[in-house]
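Understanding the architecture of this molecule
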Amino acid sequence: QVQLVESGGGLVQPGGSLRLSCAAAGRTFSDYPVGWFRRGPGEDLEFVAAITRAGYRFFYADSVKGRFAISRDNSKNMLYLQMNALKPEDTAVYYCAAGTEIIFPTMEVLSRANEYDYWGQGTQVTVSS
């Protein structure tokens, strides 16, 4: 099994930056792709970003391209999401997820929440002036 714990959320002003972290335990971290999803107030779960096992390829939702950057440190079992130029519409609970059963990590596959089998508890990000 895989256990995931997010941290780093908080309150930030529009235009500010925040760095989220996700600590993984259990199965070897480099064996599976991981991603970030979010759920805003009264909204459905939304794909944010994903990264493949070796960290060679990464994918982003159109709404965050050019502002967010996903990365991983397999030696430390850590996943990160650097968020810059934050907007009020980025306000949401952010979740990290592991897809241990994903075989072909394409954008189409990695953007679907039901492809992931392990999830963290979420961390709140609030962007407000």
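Residues numbered from 1 in each chain as written. Predicted model: local features only at pLDDT ≥ 70, side-chain atom pairs only at ≥ 80, totals over all residues. Heavy atoms only, no water.

**Points about the packing of aromatic side chains**
We count it as follows: Centre distance within 6.5 Å is the pairing criterion for rings of Phe, Tyr and Trp, where only the six-membered ring of Trp is used; planes under 30 degrees apart are then read as stacked, over 60 as edge-to-face, and the remainder as tilted. Here's how the labels work: a residue is buried when its accessible area is under 20% of the maximum for its type, exposed when over 50%, partly exposed in between, all with a 1.4 Å probe on protein chains only. Segments assigned H or I by DSSP are reported as helices when at least four residues long, segments assigned E as strands when at least two residues long, and all are numbered from the N terminus. Only when the NZ atom of a Lys or the CZ atom of an Arg is both within 6 Å of the ring centre and within 35 degrees of the ring normal do we say a charge sits over the ring.
Across all of its chains, the model carries five aromatic pairs by this definition. With centroids separated by 5.8 Å and ring planes inclined at 85°, the aromatic side chains of Phe-29 and Tyr-32 adopt a geometry described as edge-to-face. The class of Phe-29 is buried, set by a relative accessible area of 2%. Since its relative accessible area comes to 0%, Tyr-32 is described here as buried. Ring geometry for Phe-37 versus Phe-47: centroids 5.6 Å apart, planes at 70°, classification edge-to-face. Placement of the pair is Phe-37 in strand S4 (residues 34–39) and Phe-47 in strand S5 (residues 45–51), with a sequence separation of ten residues. Looking at Phe-37, the relative accessible area reads 1%, which means it is buried. Among the aromatic residues, ring-to-ring pairing joins Phe-37, Phe-47, Tyr-116 and Trp-119 into one connected group. The lysine or arginine in question, Arg-19, covers the ring of Tyr-80, its NZ or CZ lying 4.2 Å from the ring centre. Over the ring of Phe-29 we find Arg-72, and its NZ or CZ is 4.3 Å from the ring centre.

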